[in-house]
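Descriptive analysis of the structure
Each chain is listed here by its residues.
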Amino acid sequence: MNRNWYAAFLLAVLIFLLYIAGRYVDNNTQTLTRELDVAYNLAVSGEYEQAKQAFQKAAQRSEENSPVWMLLIRRSLVDQLNQTLATIPSYVSAENVADLAVETARARTQAQQIRESFFSWF
């Protein structure tokens with residue numbers, strides 16, 4: 001009978017850890033998406049220096065989250081997102097607004113793919 005209780009306890013711990021991991025992935029991808037939206041809106045309104053700083057901050061946050069994301073999802077998705085985020089600040093200028101829109105949309109889609117990659121198992 002004790003083995004059944006141990007098994008139930010381990011199952012409860014596993015469910016709890018999956019819940020925490022899901023919240024972590026969901027919160028961080030949503031925060032990243034909001035930061036990208038704010039940075040893009042700054043660029044569209046002509047505040048290029050602030051937009052560049054906001055994109056760099058988003059890239060830095062993604063780099064900080066990457067080690068945990070790589071434990072939970074495929075490394076290739078995280079690497080693609082980080083590569084895209086690293087290049088976005090170079091598009092922040094009046095001449096590159098269309099390219100900036102494309103790269104921002106790509107980063108948002110990649111963040112969504114990270115989220116979906118984790119939750120696709122459930």
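Above: the structure in question.
Residues numbered from 1 in each chain as written. Predicted model: local features only at pLDDT ≥ 70, side-chain atom pairs only at ≥ 80, totals over all residues. Heavy atoms only, no water.

Let's shift gears to the side chain of Ser62. The residue Ser62 is located in helix 2 (residues 48-72) in this model. The buried category is assigned to Ser62, whose relative accessible area is 0%. Among all residues touching Ser62, those that are not within four sequence positions of it are Trp69, Leu81, Asn82 and Leu85. (Helix = DSSP H or I, 4+ residues; strand = E, 2+ residues; numbered from the N terminus. Buried < 20%, exposed > 50% of the residue type's maximum accessible area, 1.4 Å probe, protein only. Contact = heavy atoms within 4.5 Å.)

Following the criterion strictly, the structure yields five salt bridges and no others. The closest approach of N and O atoms between Arg108 and Asp37, which form a salt bridge, is 2.9 Å. Here Asp37 lies in helix 1 (residues 2-44) and Arg108 lies in helix 4 (residues 97-119), a separation of 71 residues in the sequence. Here Arg106 and Glu103 are joined by a salt bridge, their closest N and O atoms 3.3 Å apart. Of the two residues, Arg106 and Glu103 both sit in helix 4, three residues apart, roughly one turn of that helix. (Salt bridge = Lys/Arg side-chain N within 4 Å of Asp/Glu carboxyl O.)

Turning to the nonpolar core, a few remarks are in order. In this structure, Leu32, Leu36, Phe55, Trp69, Leu81, Leu85 and Ile114 are the most contacted members of the largest nonpolar core, which totals 25 residues. Elements supplying a minimum of two residues to this core: helix 1, helix 2, helix 3 (75-87) and helix 4. Looking at this core, the element that brings in the most residues is helix 1, giving seven residues. In this structure Ile114 touches Val25, Thr29, Trp69, Ile73, Leu77, Val78 and Leu81, once residues within four positions along its chain are discounted. (Core = buried A, V, L, I, M, F, W, Y, C linked by side-chain atoms within 4.5 Å.)

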